[in-house]
Number of protein chains: 2
Amino acid sequence: MPVIYNRITLIGLGLIASSMYWSIKRKKLANEVVGYARTHKTREIARKIGLCDRVCETATDAVDGADLVVLCVPVRAMGEVAKTISPALKSYATVSDVGSVKRYVIEQVSEHLPPHVDFVPAHPIAGTEQSGPTSGFAELFENRWCMIVPVEPKNENAIDRLQSFWEAMGSKTVLMNPDHHDLVLAVTSHAPHLIAYTMVGVADDMRRVTDEEVINYSAAGFRDFTRIAASDPIMWRDIFLTNKDATLEILGRFTEELFALQRAIRIGDGNQIQEYLTRTRSIRRGIIEAGQDTSAPNFGRERGSS
Amino acid sequence: MPVIYNRITLIGLGLIASSMYWSIKRKKLANEVVGYARTHKTREIARKIGLCDRVCETATDAVDGADLVVLCVPVRAMGEVAKTISPALKSYATVSDVGSVKRYVIEQVSEHLPPHVDFVPAHPIAGTEQSGPTSGFAELFENRWCMIVPVEPKNENAIDRLQSFWEAMGSKTVLMNPDHHDLVLAVTSHAPHLIAYTMVGVADDMRRVTDEEVINYSAAGFRDFTRIAASDPIMWRDIFLTNKDATLEILGRFTEELFALQRAIRIGDGNQIQEYLTRTRSIRRGIIEAGQDTSAPNFGRERGSS
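Residues numbered from 1 in each chain as written. Chains lettered and ligands numbered in written order. Predicted model: local features only at pLDDT ≥ 70, side-chain atom pairs only at ≥ 80, totals over all residues. Heavy atoms only, no water.

S.K.: Is there a simple way to think about the sheet that holds strand 5 (residues 94-97) of chain A in this case?
M.R.: Strand-to-strand pairing in sheets goes through backbone hydrogen bonds, with the strands running parallel or antiparallel. All names here are of chain A. With parallel pairing, six strands are arranged side by side in an open sheet as 3-2-1-4-5-6. Among the strands making up the open sheet, the edge pair consists of strand 3 (54-55) and strand 6 (118-119). In the sheet, strand 4 (residues 68-71) pairs with strand 5 via four bridges, with the strands oriented parallel. Among the inter-strand pairings, Val 70 is bridged to a residue of strand 5, identified as Ser 96. Sitting on the sheet, helix 4 (residues 78-85) is in contact with strand 1 (5-11), strand 4 and strand 5, with an inclination near 150° to strand 4. (Pairing = 2+ DSSP bridges. Helix = DSSP H or I, 4+ residues; strand = E, 2+ residues; numbered from the N terminus. Contact = heavy atoms within 4.5 Å. Axes fitted to C-alpha atoms, helices over the stretch in contact; angles between N-to-C directions.)

The structure is reproduced here in structure tokens:
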């Protein structure tokens, strides 16, 4: 694979940035990768595990001379970071991000960037429930989609180059506009996460059922919810607050349908329930055929054990 | 392992019964296992794949001479099966079941059974999203809990023996009363399933987001919901209808909490959201420590691929 950017800077060294680093190195997509994290502790861990060729003490030092700067911090921290690094950005550098919300990030970041850099927002649809600098792995983006969300004024070269970069890390890429991105993610990610968090909270709160019972008998379905409800709270707080409208819209539809099903249960309408439950299988099949999940039972969790 | 029952009959040959069969055979827990399924097609598949030592054409033939009869049919079919097999049951036989709802099953089945058999309801907390005679595997019950839910008049010997049987198949067992069972399962299984079905239904219904988008970008969280929403519709219809009160109670609490979080998002109360999201991680940790799930990221789904 040819080098795509001479120097890449990753700001914020969590799951996404660390996975990017390992992937960039494995595929040799840059000559140098520089990192920066807000806390001393994270910078020290990064240095210890060899995450990034260099870890800088300040964000401005880190972006110095970088051809690509990727903001990998929680959504509500992006504006501040953009403001800080702005004076230090090299001419014709590309600034990108990996935030799960796009309209808000574009509003917050764009105003701070100088005219001589290209801002090309992006969002890799990949992740695990784990977070922090030690959670990354080079294969995270393989066969996953990365959405590229161009903003005006468009620089086609900068967009193409960022697309090639993500494709070189194993992703499939697609161009999307910010509002549609935020709606799609509200459906496929933000509402499901809030719902999972809520269900886990309810179980934790039940006085007549102990936490031990919830834990022991979780194999009956509940444990699938707990994986995504173990994701980073700060990151998710920011997502819910900044993709408010789309998330609330989906939650509104969700409660409407849930009420209809609750009513069917209450009045004993077996046909309505069965019809609803039957409809959902084709979506699951589609996800497996598209290679976005495994067809092995229980996601291929080891049988019996663990 | 010593033989625990001379002859076992499995009525209904789906995921649970087929897993029981392979486990019984591997551990040599019975001298003969006889099977029966309602449809000709399922009986033919069972014969073809060697599921059961003998597959009978009628339920009454199947239970003839059995020391243990296990009802593995959907919850609302159990009463009818009990009525059918009742005259053919051997004296001192044990009748059990694997239904996900216990109060209803006990009410429906008890009245049909003759006084000379022991009814010991049970519920193995194990399963996958797959169903049918070909979906079973011997390890399904290993390290999973099986709830034994005794009814009056209690025969301690019959209860002990059934407990030994489930333990021999690799399960941990616990005695529980029917109402508490139904409440615990409403929390850990029935409400989560209904919620997952609903979220998948909402995604499928959105006109502004295509099914293809939902499928492609499902790795953002949504796909975890689709696994349990792929479970057998008839089985789940019956569960919701027969554990109505507990399921509606949990759904009521769930919507209450969901509304509180929706409100926090609407008014931008970041602290309340963050606090809520932080609380749920300990439950996830507990599930992993109890060996009820894997700690590998993404449930240990294969990295990158699938």
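S.K.: I tried to follow the pairing of strand 1 (residues 5-11) of chain B on my own but got confused; where do I start?
M.R.: Each regular strand shows side chains that alternate between the opposite faces of the sheet. All names here are of chain B. The buried fraction of strand 1 amounts to five of the seven residues, a majority that puts the element mostly inside the structure. Strand direction decides the pairing type here: strand 1 and strand 2 (residues 30-36), joined by six bridges, are parallel. For Tyr 5, the partnering residue across the bridge sits in strand 2 and is Ala 30. Viewed along the sheet, the connection from strand 1 through helix 1 (residues 15-27) into strand 2 turns out right-handed. When strand 1 meets strand 4 (residues 68-71), the two strands line up parallel, connected through four bridges. Following the sheet pairing, Leu 10 is matched in strand 4 by Val 70. (Buried < 20%, exposed > 50% of the residue type's maximum accessible area, 1.4 Å probe, protein only. Right-handed = clockwise from strand over helix to strand, strands pointing away.)

S.K.: For this particular structure, what's the right way to read the relation of the copies chain A and chain B?
M.R.: Note: a rotation about an axis with an accompanying shift along it relates these two copies of the chain. Least-squares fitting of chain A to chain B yields an RMSD of 0.1 Å, with the transformation described by 0.0 Å of translation along the axis and a rotation of 180°. Taken together, these values place the two copies in the relation of a two-fold axis. Every residue of chain A has its C-alpha some distance from the rotation axis, and the shortest such distance is that of Asp224(A), at 3.1 Å. A shared interface surface links the copies, since 100% of the contact residues of chain A are contact residues in chain B too. (Least-squares fit on C-alpha atoms with pLDDT ≥ 70 in both.)

S.K.: Which parts of the structure should I look at to understand the sheet that holds strand 8 (residues 145-148) of chain A?
M.R.: Residues and elements named next belong to chain A. Judged by pairing direction, the sheet is mixed, and its three strands sit side by side in the order 7-8-9 without closing on themselves. Whereas interior strands pair on both sides, the edge strands pair on one side only; in this sheet they are strand 7 (122-124) and strand 9 (172-175). With direction set aside, neighbouring strand axes in the sheet form an average angle of 20°. Where strand 7 meets strand 8, three bridges bridge the pair, whose relative direction is antiparallel. Paired with His 123 across the strands is Met 147, a residue of strand 8.

S.K.: Help me understand empty space enclosed by the protein in this model?
M.R.: Rolling a probe over the atoms, with the probe sized like a water molecule, indicates the empty space that remains. Residue and element names in this part refer to chain B. Under the counting rule described, the total for this entry stands at one cavity of 30 Å³ or more. In this model, the largest cavity occupies a volume close to 50 Å³. Lining of the largest cavity is provided by Asp 118, Phe 119, Val 120, Pro 150, Val 151, Pro 153, Lys 154, Asn 155, Ala 158 and Ile 159. Counting residues per element, the ones that place at least two in the lining of the largest cavity are strand 6 (118-119) and helix 6 (156-168). (1 Å grid on protein atoms, 1.4 Å probe; cavity = no way out; pocket = protein on both sides within 12 Å on 5 of 7 lines; lining within 4 Å. Points joined across faces, edges and corners; volume = space filled by probe spheres on them.)

S.K.: Can you walk me through the packing of aromatic side chains in this structure?
M.R.: Where two aromatic rings form a pair, the distance of their centres and the angle of their planes describe that pair. All names here are of chain A. This structure, assessed with the given rule, holds 17 aromatic pairs over all chains. The interplanar angle of 45° and the centroid separation of 5.6 Å between the aromatic rings of Trp 236 and Phe 240 together place this pair among those described as tilted. In this pair, Trp 236 and Phe 240 are both assigned in helix 10 (residues 233-242), four residues apart and thus about one turn of the helix distant. Of the two residues examined, Trp 236 and Phe 240, each falls in the buried class. (Phe/Tyr/Trp six-rings, centres within 6.5 Å; stacked < 30°, edge-to-face > 60°.)

S.K.: How should the pairing of strand 4 of chain A be read in this particular structure?
M.R.: Along strand 4 of chain A, one buried face is formed by Leu68(A) and Val70(A) and the opposite face, lined by Val69(A) and Leu71(A), is buried too. For the crossover from strand 4 of chain A across helix 4 of chain A to strand 5 of chain A, the handedness is right-handed.

S.K.: How should the interface of chain A and chain B be read in this particular structure?
M.R.: Where interface size is given, it is often the accessible area lost as the parts come together that is meant. Contact residues are listed per partner, giving 114 residues for chain A and 114 residues for chain B. Across the chain A to chain B interface the summed buried area is about 11000 Å²; carbon plus sulfur atoms make up 66%. Contact with chain B buries area across many residues of chain A, yet Tyr217(A), Ile265(A) and Ile283(A) alone supply 7% of it, more than any other trio. Applying the counting rule to chain A against chain B returns eight salt bridges. Measuring nitrogen to oxygen at the nearest pair gives 2.4 Å for the salt bridge that ties Arg208(B) to Glu249(A). Here chain A and chain B share 38 residue pairs in polar contact (both at pLDDT 80 or more) between them. Contributions of two or more residues to the side of chain A that touches chain B are made by strand 8, helix 7 (178-205), helix 8 (211-216), helix 9 (222-228), helix 10, helix 11 (244-267), helix 12 (270-279) and helix 13 (281-289) of chain A. (Buried area = accessible area lost by both parts, 1.4 Å probe. Salt bridge = Lys/Arg side-chain N within 4 Å of Asp/Glu carboxyl O. Polar contact = N/O pair within 3.5 Å; in protein donor to acceptor, adjacent residues only side chain to side chain.)

S.K.: Help me understand the pattern of salt bridges in this model?
M.R.: It is possible for side chains of opposite charge to pair when their charged atoms get near one another. Following the criterion strictly, the structure yields 38 salt bridges over all chains and no others. Salt-bridge contacts for Lys90(B) lead to Asp67(B); the nearest nitrogen and oxygen are separated by 2.7 Å. With Lys90(B) in the loop between helix 4 (78-85) and strand 5 (94-97) and Asp67(B) in the loop between helix 3 (59-63) and strand 4, this residue pair connects regions lying 23 residues apart in the sequence. Measuring nitrogen to oxygen at the nearest pair gives 2.8 Å for the salt bridge that ties Glu129(B) to Arg227(B). Residue Glu129(B) is found in the loop between strand 7 (122-124) and strand 8 (145-148), and its partner Arg227(B) is found in helix 9 (residues 222-228); the two are separated by 98 residues along the sequence. For the pair Glu129(B) and Arg227(B), a shared accessibility class is recorded, and that class is buried. Connected via shared salt-bridge partners are Arg43(A), Glu44(A), Arg47(A) and Glu57(A).

S.K.: Any chance you could explain the environment of Thr173(A) here in plain terms?
M.R.: Residues and elements named next belong to chain A. Relative to the assigned elements, Thr 173 resides in strand 9. Measuring from C-alpha to C-alpha, the distance between Thr 173 and Cys 146 comes to 4.8 Å, with 27 residues separating the pair along the chain. Those residues in contact with Thr 173, other than ones at most four positions away along the chain, are Trp 145, Cys 146, Ile 148, Gln 163, Trp 166 and Glu 167. Looking at Thr 173, its side chain comes within polar contact range of the side chain of Glu 167, at 2.6 Å.

S.K.: Looking at this model, I keep getting lost on the environment of Ala93(A). Mind explaining?
M.R.: All names here are of chain A. Summarising the element assignment, Ala 93 is placed in the loop between helix 4 and strand 5. Classification of Ala 93 by relative accessible area gives buried; the value is 0%. When the C-alpha positions of Ala 93 and Ala 66 are compared, they lie 6.7 Å apart, and in sequence the two are 27 residues distant. Apart from residues lying up to four places away in sequence, Ala 93 is in contact with Ala 66, Asp 67, His 116, Val 117 and Asp 118.

S.K.: I keep staring at helix 5 (residues 103-110) of chain B and nothing clicks. Help me out?
M.R.: Helical geometry: 3.6 residues make up each α-helical turn, so side chains three or four residues apart lie on a common side. For helix 5 of chain B, every residue scored as buried is listed here: Tyr104(B), Val105(B), Ile106(B) and Val109(B). Summarising the contacts, the buried residues of helix 5 of chain B are in contact with strand 4, helix 4, strand 5, strand 6, helix 7 (178-205) and helix 10 (233-242) of chain B.

S.K.: Would you take a moment to explain the side chain of Ser189(B) for this structure?
M.R.: Assignment of secondary structure puts Ser189(B) in helix 7. With relative accessibility at 4%, the residue Ser189(B) sits in the buried group. Look past the residues within four positions of Ser189(B) in its chain and what remains in contact with it is Ala220(A) and Trp236(B).

S.K.: Could you clarify how one ought to interpret the packing of helix 7 of chain A against helix 10 of chain A in this entry?
M.R.: Describing two packed helices takes the angle between their axes plus the distance from one axis to the other. All names here are of chain A. Taken N-terminus to C-terminus, the directions of helix 7 and helix 10 make an angle of 120°; their axes are 11 Å apart at the nearest point. Compared by their axis directions, helix 7 and helix 10 come out oblique. The crossing of helix 7 and helix 10 is left-handed. Residue-level inspection shows Ser 189, His 190, His 193, Leu 194 and Tyr 197 of helix 7 in contact with helix 10, the latter providing Trp 236, Ile 239 and Phe 240. For the contact of helix 7 with helix 10, the class distribution of residues is five nonpolar, three polar and no charged. (Parallel < 35°, antiparallel > 145°, perpendicular 65-115°, else oblique. Left-handed = near helix turned anticlockwise from the far one by under 90°. Nonpolar A, V, L, I, M, F, W, Y, C, P; charged D, E, K, R; others polar.)

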